[in-house]
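# Coordinate analysis (summary)
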Amino acid sequence: MDIKFVPGLADARAEAGMLGLSARPGPVWSGEVDDYVDSLGAGFHQALESGRFEAKAGQSAVFNTGSDRPHTVVALGLGDDPDADTVRRAAGILGRRSSRDSVVATTLVDAGPTRAVIEGFIMSQYSYDRYLSSPDPAVTESLVLVGDGDRTESRAAIAVAEAVCWARDLVNTPPQDKAPTAIEGQVAELADDLDLRLVAYDEEALADGGFGGVLGVAAGSHRPPRLLELWYEPDDAAAFVAFVGKGITFDSGGLSLKPAKAMETMKTDMSGAAAVIGAIQAIARMGLPVRVLGLTPFTDNMPGPLATKPGDVLTTRNGKTIEVLNTDAEGRLVLADALALGVEYGPDLMVDLATLTGACKVALGEKIAGLMGNDEKLVRMVAQAGKDAGERLWHLPLPSDYRSQIDTPMADMKNIGGRWGGALTAALLLEEFVGDVPWVHLDIAGPARWPKNEAYQTQGGSGFGVRTLVSLVEHLAENGVDP
């Protein structure tokens, strides 16, 4: 999408099909638009009144101007004190309403960050139509930003929004078309385009490397697994971070088979891995001076004749053993291997993302991710990164006395805890594989799949986590690990 900057409304109105005017209660219009609002006459104010528009955050009202440029004005409510995500959501509302217009203009940059406007607008026009016989994608070619927008923010905004959409595409792809080897091919193309380094572990390399968690989950599938290392390695890096993402390409539950209804969305179970790869491509396009390693284990979890059985014991990359009592608690098994491998490279910090537990979704709902970790400073850093990016995270505890819930006489640990606190006991298992590295775990089981079209979110795969990871790396690029 082409992003244009113009100083005033007259320039924008000459070409825009739809115009978004941002307003705070009153309404008080953002930017120098009072004369133009007056020129719209009583009909505009009647449209606001009939729509009960009070400029509250999330409100909008539409008015047909009766002219060609622009043919429609959309009033966008921001509330009294809008933050960046309020502006991002308003831009998303505009993007949805204007998807049939080739040129759209808005004064939102006079109300909030330019980056939030561009991100919200681009993400809102996303659609996944690969399998539709008559696709109807958005047709907007140009977004015109009216006012004192920051031109330097457009590159980062486009990179992040496109990375989110890339991750959404991968998550939304049906299971039959995203075998681990197929994803390897996509990531290889991405690595070539962005000069990234890719190392792919096939079945033989996984066996030689002692990746018993990945191989144990993959045993029931006829499709071979892959563990991908994706490296972004700029010169003079201010920090070295490792991101780990769960990549279960389809989760049937294995021999602990899920009910049919619960399987319907299990193509989403690789959302953590998609977010990691998406974030690295955005970081590379932005040229941020931080070394980043992405570790993404990809495999199906299927009940084939060789599938891991309840009671089997797996030996992981770092030598620790796990008794598998429920094969549907498989994400922690593949993450254990990937986290152990990440530790070997000596990163300054690690963050993993996973659609790990229904328990976290029960606790926090569909739109908030659980945040846990072994380092309070890193927990605060990631929480702030999520806030800055507009992705909601909630800090949950890792109580040491809960660790006994995964004790077993058969192995170093078992892969399920008691009935309660499942998100916490799953994270406590992961903690066994991070050594002394500062580490944060994001359980994204809820927000990885958005329930309905809303502002800049689209029903289905959300790309949740991409923006938080990029925001964290931006902070490290500016401040280092120990600011």
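Residues numbered from 1 in each chain as written. Predicted model: local features only at pLDDT ≥ 70, side-chain atom pairs only at ≥ 80, totals over all residues. Heavy atoms only, no water.

Judged by how many residues are buried, strand β12 (residues 291-301) sits mostly within the fold: 10 of 11 residues are covered. As judged from the 7 bridges shared by strand β9 (residues 226-232) and β12, these two strands associate in the antiparallel manner. Directly across from L227, in β12, lies its bridge partner P297. Of the pairings in the sheet, the one linking strand β10 (residues 240-245) to β12 comprises 5 bridges and is parallel in character. By the bridge assignment, F240 is partnered in β12 with R291. Of the strand pairs in this sheet, strand β11 (residues 247-251) and β12 are connected by 4 bridges, and their pairing is parallel. Residue pairing in the sheet places F250 in a bridge with D300 of β12. (Buried < 20%, exposed > 50% of the residue type's maximum accessible area, 1.4 Å probe, protein only. Helix = DSSP H or I, 4+ residues; strand = E, 2+ residues; numbered from the N terminus. Pairing = 2+ DSSP bridges.)

Before going further, it helps to examine the pattern of salt bridges. Applying the stated criterion to the full structure yields 26 salt bridges. Among the ionic pairs, D300 bridges to R223, the shortest N-O distance being 2.7 Å. With D300 in strand β12 and R223 in the loop between α9 (212-218) and β9, this residue pair connects regions lying 77 residues apart in the sequence. Judged by relative accessible area, which is 13%, R223 ranks as buried. (Salt bridge = Lys/Arg side-chain N within 4 Å of Asp/Glu carboxyl O.)

Right, let's talk about the sheet that holds strand β13 (residues 313-315) for a bit. The strand order across the open sheet formed by 3 strands is β13-β14-β18, and the pairing between neighbours is mixed. With one partner strand each, in any of the chains shown, β13 and β18 (413-414) form the two edges of the open sheet.

This part covers the side chain of Q281. With respect to the element layout, Q281 can be found in helix α11 (residues 271-286). Residue class for Q281 comes out buried when judged on its relative accessible area of 2%. Reaching out from Q281, the side chain makes a polar contact with the side chain of R285 at a distance of 2.8 Å. Every residue in contact with Q281, bar those within four places of it in the chain, is listed here: A163, W166, L190 and L194. (Polar contact = N/O pair within 3.5 Å; in protein donor to acceptor, adjacent residues only side chain to side chain. Contact = heavy atoms within 4.5 Å.)

Glancing now at empty space enclosed by the protein. Under the defined criterion, the tally for this structure stands at 1 cavity of 30 Å³ or more. Looking at the largest cavity, its volume works out to about 60 Å³. Surrounding the largest cavity, G216, V217, G220, G254, N301, M302, A307, T308, V324, T327 and L333 form its lining. Classifying every residue of the lining of the largest cavity by side-chain character gives 5 nonpolar, 6 polar and no charged. (1 Å grid on protein atoms, 1.4 Å probe; cavity = no way out; pocket = protein on both sides within 12 Å on 5 of 7 lines; lining within 4 Å. Points joined across faces, edges and corners; volume = space filled by probe spheres on them. Nonpolar A, V, L, I, M, F, W, Y, C, P; charged D, E, K, R; others polar.)

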